[in-house]
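Okay, here's what each chain looks like letter by letter:
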Amino acid sequence: MISNIDLFFEESYNVEQRASLLRQRRFIRDYSNPMELPPTVFIANFRLSKDAFMHVLDKIKDNFHCRLSSSVTPMLKLCCALRFFAHGSYQQAIGNEFQLGLAQPTVSLVLKEMLPTLERVICTAAINIEMSEEEKQEAKRKFFIKSGIPNVIGCVDGTHIGIYAPSENRHLYLNRKGFYSINAMIACDHNMTIRYVDARYAGSTHDSFVWNNSTLKTYLEDNQLSGDNSIYLGDSGYPLSSCLLTPFRIAQSGTRESLFNKKHAKGRNIIERTIGVLKCRFRCLLSDNKMRYDPDKVKTIVNICCALHNICKQFRISDPDEADIFTDALFPSEPSNEDGNGTPGERRRRQIADALV
């Protein structure tokens, strides 16, 4: 039987342990400086170079609305958020590792503060659907060299972000591969810069629905009405239209339809690589690292990671090694209902296929 004296000493020991831990964390926060790390170690831990890190920090440091303890500086807050995006670890592990010196409740508060701030400040600046005429011409040139298909300025695809079953409407988030997810539509240009992301929809949502309700579709259609002939490439899960070309559903070997599909696949390969690089760089997006957040917060995390990806491109940060790039939860969608013969999309695709022979 445990005596009162035993309980007293056990309680005293726990209090002393906790006080010691708090002192250690405070010391780490006060005396560690992530900017003193070697450049390669810094990128390995935070995914951004030091210049890119300071670029983001300068943009957000005056935008905090919640007040945490003054001991948690904006620099440490950004480090904490970037560690989460990069590794997808549990909050307790993020706070304890790599000299951050933050307890799990503090990490939770930091992320609660940082996510809306980062989304508000960097996403609109770093992800831009608009392209200048010079950018369009360069994209068309690069895509034509690669695929032989004219007037292509970008590619689009969907990828699934694994989550734990939400408390509401969980059946909507169960995708056809049998796990709960968000269906995120991502579009990129010839440089692997992400031009558009839409992570609003549940995992069971068809790609064609996401496309038809996207501002990217509206943007391209409005531009076509103004005389812009630019197009995107998408897989068979998307609806064929005059601004979005998809492969032929039926293509016998050796036919012009088969040739078009091969050229189309060469051009569209870049979006699969872009998503692979994105998920390899920011591993919180991997399906194995199911996020324990509500769908709205997952949407915010996806948006921020896409913006950070573009900032990496802007600062010429090398992509992850080829051996580390992989396709994660990028599985073909169920084919969309294809336009019949005679529609603008079918006529445009047929005209291009005939010209490839």
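Everything here concerns the structure above.
Thresholds applied
Residues numbered from 1 in each chain as written. Predicted model: local features only at pLDDT ≥ 70, side-chain atom pairs only at ≥ 80, totals over all residues. Heavy atoms only, no water. Phe/Tyr/Trp six-rings, centres within 6.5 Å; stacked < 30°, edge-to-face > 60°. Helix = DSSP H or I, 4+ residues; strand = E, 2+ residues; numbered from the N terminus. Buried < 20%, exposed > 50% of the residue type's maximum accessible area, 1.4 Å probe, protein only. Lys NZ or Arg CZ within 6 Å of the ring centre and 35° of its normal. Pairing = 2+ DSSP bridges. Contact = heavy atoms within 4.5 Å. Core = buried A, V, L, I, M, F, W, Y, C linked by side-chain atoms within 4.5 Å. Arc of directions from axis to C-beta. Axes fitted to C-alpha atoms, helices over the stretch in contact; angles between N-to-C directions. Parallel < 35°, antiparallel > 145°, perpendicular 65-115°, else oblique. Salt bridge = Lys/Arg side-chain N within 4 Å of Asp/Glu carboxyl O. Polar contact = N/O pair within 3.5 Å; in protein donor to acceptor, adjacent residues only side chain to side chain.

Peer 1: Explain the packing of aromatic side chains to me, using residue names and the numbers behind them.
Peer 2: Taken as a whole and assessed by the stated rule, the structure comprises eight aromatic pairs. An angle of 80 degrees between the planes, with centres 6.4 Å apart, marks the rings of Trp-211 and Tyr-238 as edge-to-face. One end of the pair, Trp-211, is in helix H8 (residues 207-212); the other, Tyr-238, is in the loop between strand E4 (231-233) and strand E5 (244-245), with 27 residues separating them in the sequence. Of the two residues, Trp-211 and Tyr-238, neither departs from the other in class, the shared state being buried. In this structure an aromatic cluster arises from ring pairing among Phe-42, Phe-46 and Phe-53. Here the basic side chain of Arg-292 rests over the ring of Tyr-164, its NZ or CZ set 4.3 Å away from the ring centre.

Peer 1: How would you explain the pairing of strand E2 (residues 181-188) if you had to name every residue and give the values?
Peer 2: For a regular strand, side chains alternate in direction, first toward one face of the sheet and then toward the other. With eight of its eight residues buried, E2 lies for the most part within the structure. Covered by surrounding structure in E2 are Ser-181, Asn-183, Met-185 and Ala-187 together with Ile-182, Ala-184, Ile-186 and Cys-188, the residues of both alternating faces. Here strand E1 (residues 152-162) pairs with E2 via eight bridges, running antiparallel. Pairing of Thr-159 across the sheet is with Ala-184, part of E2. In terms of strand pairing, E2 meets strand E3 (residues 194-202) through six bridges, oriented antiparallel. Note that in E3 the partner of Cys-188 across the bridge is Ile-194. What sits between the antiparallel neighbours E2 and E3 is a turn of five residues, in which Met-192 has the positive phi angle 70 degrees.

Peer 1: I'd love a proper account of the side chain of Arg-348, names of residues and values included.
Peer 2: Tracing the backbone shows Arg-348 in helix H12 (residues 344-356). Non-local contacts of Arg-348, meaning those with residues more than four positions away in its chain, are made with Asn-151, Gln-224, Asn-229, Ser-230, Ile-231 and Ser-242.

Peer 1: Any chance you could break down the nonpolar core for me, citing the residues and the numbers?
Peer 2: By size, the foremost hydrophobic cluster in this structure holds 93 residues, and its most contacted members are Phe-85, Leu-118, Ile-122, Ile-301 and Leu-308. With 10 residues, the single largest contributor to this core is helix H11 (residues 295-314). Those residues in contact with Leu-118 that sit more than four places away from it in its chain are Val-56, Ile-60, Leu-78, Ala-81, Phe-85, Cys-123 and Ile-304.

Peer 1: Residues and numbers for helix H2 (residues 39-46), please.
Peer 2: For H2, the complete set of buried residues consists of Phe-42, Asn-45 and Phe-46. The buried side chains of H2 occupy one side of the element, clustering within an arc of 80 degrees when seen end-on. Just beyond H2, the residue with positive phi is Arg-47, at close to 75 degrees.

Peer 1: Residue-level account of the packing of helix H4 (residues 74-87) against helix H6 (residues 104-126), with values.
Peer 2: Running from N to C, H4 and H6 cross one another at 85 degrees; their axes reach a closest spacing of 9 Å. For the element pair H4 / H6, the angle class is roughly perpendicular. Contacts between H4 and H6 involve Lys-77, Leu-78, Cys-80, Ala-81, Phe-84 and Phe-85 from the first element and Val-107, Val-110, Leu-111, Glu-113, Met-114, Leu-115 and Leu-118 from the second.

Peer 1: Account for the pattern of salt bridges, with residues named and values stated.
Peer 2: Scanning all chains against the criterion turns up 19 salt bridges. The partner of Lys-142 in a salt bridge is Glu-138, with the nearest N and O atoms 3.3 Å apart. Note that Lys-142 and Glu-138 are positioned in helix H7 (residues 133-147) at a spacing of four residues, about one turn of the helix. When its relative accessible area of 34% is taken as the criterion, Lys-142 is described as partly exposed. Note that Asp-319 and Arg-281 form a salt bridge whose closest N and O atoms lie 3.6 Å from each other. Linking Asp-319 in the loop between H11 and H12 with Arg-281 in helix H10 (residues 256-281), this pair joins segments that are 38 residues apart in sequence. Among the residues examined, Asp-319 registers a relative accessible area of 22% and is labelled partly exposed. Linked by salt bridges that have partners in common, Glu-257, Glu-346, Arg-349 and Arg-350 make up one network.

Peer 1: How would you explain the environment of Asn-128 if you had to name every residue and give the values?
Peer 2: Examined against the element boundaries, Asn-128 turns out to sit in the loop between H6 and H7. Each C-alpha atom of the pair Asn-128 and Thr-193 lies 9.4 Å from the other, and the pair is 65 residues apart in sequence. Polar contacts involving the side chain of Asn-128 include one to the main-chain amide nitrogen of Glu-130, which spans 3.0 Å.

Geometric descriptors of this kind do not, in isolation, establish any biological role.
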